[in-house]
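Overview (structure and organization)
Next come the chains, spelled out residue by residue.
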Amino acid sequence: MVIPAPPLTDTEHAPRRRSILDRFYFLAVIVKGVDGAVELLAGLLLWLAPAAVHALLSGIVNEANEGHTAAHLFIASNIGHLDSQLAHQNSTFLIAFLIVHGVVKIALVYCLLKRFHRAYPWALSVLTVFLAYQVYALVTTPTLSMAIFTALDVVIIYLVWREYRELKSHVARPNVPARSDSN
(Lines give C-alpha, C1' and ligand atoms only; values in the text may rest on other atoms or scores of the structure.)
Protein backbone atom coordinates (compact mmCIF):
# COMPACT_ATOMS: atom_id res chain seq x y z
CA MET A 1 0.00 0.00 0.00
CA VAL A 2 1.41 3.39 -0.97
CA ILE A 3 0.88 6.17 1.52
CA PRO A 4 0.48 9.55 -0.18
CA ALA A 5 2.80 12.34 0.81
CA PRO A 6 1.37 15.23 2.82
CA PRO A 7 0.18 18.09 0.60
CA LEU A 8 2.49 21.01 -0.02
CA THR A 9 1.43 24.36 1.36
CA ASP A 10 2.10 27.93 0.34
CA THR A 11 4.97 28.09 2.82
CA GLU A 12 6.94 25.51 0.86
CA HIS A 13 8.78 27.01 -2.09
CA ALA A 14 10.52 23.92 -3.38
CA PRO A 15 9.33 20.34 -3.46
CA ARG A 16 11.12 18.01 -1.12
CA ARG A 17 11.59 14.30 -0.96
CA ARG A 18 9.49 12.74 1.77
CA SER A 19 11.26 10.58 4.32
CA ILE A 20 9.79 7.53 5.97
CA LEU A 21 9.26 9.62 9.11
CA ASP A 22 7.38 12.23 7.06
CA ARG A 23 5.09 9.54 5.68
CA PHE A 24 4.63 7.99 9.13
CA TYR A 25 3.79 11.44 10.51
CA PHE A 26 1.18 11.96 7.81
CA LEU A 27 -0.30 8.51 8.41
CA ALA A 28 -0.31 9.01 12.20
CA VAL A 29 -2.10 12.35 11.87
CA ILE A 30 -4.72 10.78 9.58
CA VAL A 31 -5.23 7.92 12.07
CA LYS A 32 -5.64 10.49 14.87
CA GLY A 33 -8.28 12.24 12.76
CA VAL A 34 -10.18 9.01 12.17
CA ASP A 35 -9.88 8.21 15.87
CA GLY A 36 -11.26 11.67 16.71
CA ALA A 37 -14.19 11.17 14.34
CA VAL A 38 -14.97 7.77 15.89
CA GLU A 39 -14.82 9.25 19.41
CA LEU A 40 -17.10 12.12 18.40
CA LEU A 41 -19.57 9.72 16.79
CA ALA A 42 -19.49 7.40 19.82
CA GLY A 43 -20.07 10.31 22.21
CA LEU A 44 -22.96 11.63 20.15
CA LEU A 45 -24.51 8.15 19.91
CA LEU A 46 -24.21 7.61 23.66
CA TRP A 47 -25.80 10.98 24.26
CA LEU A 48 -28.56 10.95 21.64
CA ALA A 49 -29.30 7.24 21.19
CA PRO A 50 -28.09 5.15 24.14
CA ALA A 51 -30.60 2.39 23.33
CA ALA A 52 -29.06 2.02 19.86
CA VAL A 53 -25.61 1.66 21.43
CA HIS A 54 -26.95 -1.00 23.80
CA ALA A 55 -28.59 -2.86 20.90
CA LEU A 56 -25.36 -2.72 18.87
CA LEU A 57 -23.20 -3.97 21.75
CA SER A 58 -25.72 -6.72 22.59
CA GLY A 59 -25.71 -7.84 18.97
CA ILE A 60 -21.91 -8.01 18.94
CA VAL A 61 -21.93 -10.03 22.18
CA ASN A 62 -24.51 -12.46 20.79
CA GLU A 63 -22.54 -12.87 17.57
CA ALA A 64 -19.29 -13.42 19.47
CA ASN A 65 -20.93 -15.95 21.81
CA GLU A 66 -21.82 -18.09 18.80
CA GLY A 67 -18.12 -18.70 18.16
CA HIS A 68 -16.35 -21.21 20.34
CA THR A 69 -12.80 -19.93 20.17
CA ALA A 70 -11.00 -18.13 22.94
CA ALA A 71 -10.99 -14.95 20.83
CA HIS A 72 -14.78 -15.04 20.45
CA LEU A 73 -15.26 -15.55 24.18
CA PHE A 74 -12.76 -12.77 24.96
CA ILE A 75 -14.63 -10.34 22.68
CA ALA A 76 -18.03 -11.34 24.08
CA SER A 77 -16.82 -10.99 27.65
CA ASN A 78 -15.22 -7.57 27.19
CA ILE A 79 -18.00 -6.04 25.12
CA GLY A 80 -20.60 -7.47 27.51
CA HIS A 81 -18.70 -5.86 30.41
CA LEU A 82 -18.61 -2.54 28.54
CA ASP A 83 -22.36 -2.73 27.83
CA SER A 84 -23.05 -3.48 31.50
CA GLN A 85 -20.91 -0.55 32.63
CA LEU A 86 -22.65 1.84 30.24
CA ALA A 87 -26.07 0.65 31.42
CA HIS A 88 -25.38 0.88 35.16
CA GLN A 89 -23.16 3.93 35.49
CA ASN A 90 -23.67 7.62 34.91
CA SER A 91 -22.04 8.09 31.53
CA THR A 92 -22.14 11.91 31.48
CA PHE A 93 -18.37 12.21 31.96
CA LEU A 94 -17.70 9.60 29.28
CA ILE A 95 -20.03 11.32 26.80
CA ALA A 96 -18.50 14.75 27.45
CA PHE A 97 -14.98 13.29 27.26
CA LEU A 98 -15.63 11.52 23.95
CA ILE A 99 -17.27 14.55 22.33
CA VAL A 100 -14.66 17.07 23.49
CA HIS A 101 -11.76 14.70 22.78
CA GLY A 102 -13.11 13.96 19.30
CA VAL A 103 -13.71 17.60 18.37
CA VAL A 104 -10.28 18.67 19.64
CA LYS A 105 -8.54 15.87 17.74
CA ILE A 106 -10.37 16.69 14.51
CA ALA A 107 -9.50 20.40 14.84
CA LEU A 108 -5.85 19.60 15.59
CA VAL A 109 -5.61 17.19 12.67
CA TYR A 110 -7.04 19.82 10.33
CA CYS A 111 -4.50 22.39 11.52
CA LEU A 112 -1.59 19.93 11.34
CA LEU A 113 -2.47 18.80 7.82
CA LYS A 114 -2.77 22.43 6.72
CA ARG A 115 0.60 23.03 8.44
CA PHE A 116 -0.58 26.05 10.42
CA HIS A 117 2.64 26.62 12.34
CA ARG A 118 0.91 28.44 15.20
CA ALA A 119 -1.25 25.38 15.88
CA TYR A 120 1.71 23.08 16.60
CA PRO A 121 2.43 24.30 20.16
CA TRP A 122 -1.28 23.90 20.94
CA ALA A 123 -1.31 20.45 19.39
CA LEU A 124 1.75 19.42 21.38
CA SER A 125 0.21 20.75 24.60
CA VAL A 126 -3.15 19.05 24.04
CA LEU A 127 -1.57 15.76 22.97
CA THR A 128 0.64 15.85 26.07
CA VAL A 129 -2.39 16.42 28.33
CA PHE A 130 -4.18 13.52 26.63
CA LEU A 131 -1.02 11.43 27.07
CA ALA A 132 -0.88 12.28 30.79
CA TYR A 133 -4.46 11.04 31.18
CA GLN A 134 -3.59 7.85 29.28
CA VAL A 135 -0.59 7.25 31.55
CA TYR A 136 -2.87 7.73 34.57
CA ALA A 137 -5.38 5.25 33.11
CA LEU A 138 -2.55 2.84 32.31
CA VAL A 139 -1.21 3.00 35.85
CA THR A 140 -4.61 2.62 37.52
CA THR A 141 -6.02 -0.09 35.22
CA PRO A 142 -3.21 -1.47 33.09
CA THR A 143 -4.08 -3.17 29.83
CA LEU A 144 -1.95 -4.18 26.87
CA SER A 145 -4.02 -2.08 24.47
CA MET A 146 -3.63 1.03 26.64
CA ALA A 147 0.13 0.45 26.82
CA ILE A 148 0.32 0.16 23.02
CA PHE A 149 -1.81 3.28 22.44
CA THR A 150 0.25 5.22 24.98
CA ALA A 151 3.52 4.20 23.29
CA LEU A 152 2.09 5.17 19.89
CA ASP A 153 1.01 8.55 21.24
CA VAL A 154 4.53 9.19 22.52
CA VAL A 155 5.80 8.52 18.98
CA ILE A 156 3.11 10.78 17.50
CA ILE A 157 4.05 13.62 19.88
CA TYR A 158 7.67 13.23 18.81
CA LEU A 159 6.68 13.31 15.12
CA VAL A 160 4.52 16.42 15.62
CA TRP A 161 7.39 18.11 17.47
CA ARG A 162 9.81 17.11 14.68
CA GLU A 163 7.46 18.47 11.98
CA TYR A 164 6.96 21.68 13.97
CA ARG A 165 10.70 22.15 14.41
CA GLU A 166 11.23 21.75 10.67
CA LEU A 167 8.31 23.99 9.74
CA LYS A 168 9.40 26.64 12.25
CA SER A 169 12.92 26.75 10.84
CA HIS A 170 11.50 26.89 7.30
CA VAL A 171 9.10 29.74 8.16
CA ALA A 172 11.96 31.64 9.80
CA ARG A 173 14.03 31.24 6.60
CA PRO A 174 11.46 31.13 3.77
CA ASN A 175 14.00 31.02 0.92
CA VAL A 176 15.62 27.86 2.23
CA PRO A 177 14.08 24.68 0.81
CA ALA A 178 12.67 22.19 3.27
CA ARG A 179 14.76 19.18 4.24
CA SER A 180 15.43 16.67 1.52
CA ASP A 181 16.32 13.54 3.45
CA SER A 182 15.00 10.23 2.17
CA ASN A 183 15.27 7.90 5.15
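Scope of this entry: the structure provided in the associated data block. (Residues numbered from 1 in each chain as written. Predicted model: local features only at pLDDT ≥ 70, side-chain atom pairs only at ≥ 80, totals over all residues. Heavy atoms only, no water.)

**Describing the pattern of salt bridges**
Counted only if it meets this: Salt bridges are counted wherever a side-chain nitrogen of Lys or Arg sits within 4 Å of a carboxyl oxygen of Asp or Glu. Each helix corresponds to a stretch of at least 4 residues labelled H or I by DSSP, and each strand to a stretch of at least 2 residues labelled E; elements are numbered beginning at the N terminus. For every residue, the accessible area (1.4 Å probe, protein chains only) is compared with the maximum for its type, and the residue is labelled buried under 20%, exposed over 50%, or partly exposed between those bounds.
A full pass over the atoms with the stated rule returns 6 salt bridges. Lys105 is the salt-bridge partner of Asp35, the closest N and O atoms lying 2.1 Å from each other. A residue pair is termed long-range when its members are at least 10 positions apart, and Asp35 in helix H1 (residues 20–48) and Lys105 in helix H4 (residues 92–113) qualify at 70 residues. Its relative accessible area of 28% is what places Asp35 among the partly exposed residues. Of the charged contacts in the structure, one is a salt bridge between Glu39 and Lys105, with a shortest N-O distance of 3.5 Å. Within this pair, whereas Glu39 is found in helix H1, its partner Lys105 is found in helix H4, the two being separated by 66 residues in sequence. When salt bridges with common partners are traced through the structure, they connect Asp35, Glu39 and Lys105 into a single cluster.

**Re the layout of surface pockets**
Rules: In this analysis, the protein atoms alone were mapped onto a 1 Å grid. Cavities are point sets where a 1.4 Å probe fits without being able to get out; pockets are open sets with protein on both sides within 12 Å along at least five of seven lines; lining residues have an atom within 4 Å of a point. Grid points are joined across faces, edges and corners, and a volume is the space filled by probe spheres set on the points. Throughout, the ten residues Ala, Val, Leu, Ile, Met, Phe, Trp, Tyr, Cys and Pro are labelled nonpolar, Asp, Glu, Lys and Arg are labelled charged, and all others, Gly among them, are labelled polar.
Here the largest pocket is characterised by a volume of approximately 1900 Å³. Around the largest pocket, the lining is made up of 43 residues, and of these Glu39, Leu94, Phe97, Leu98 and Met146 lie nearest the centre. For the lining of the largest pocket, the elements supplying multiple residues, two or more each, are H1, helix H2 (50–66), helix H3 (70–88), H4, helix H5 (119–140) and helix H6 (144–172). Per-element tally for the lining of the largest pocket: the top contributor is H1, with 12 residues. Of the residues contributing to the lining of the largest pocket, the split by class is 26 nonpolar, 12 polar and 5 charged.

Any functional reading would require information beyond the geometric quantities listed.
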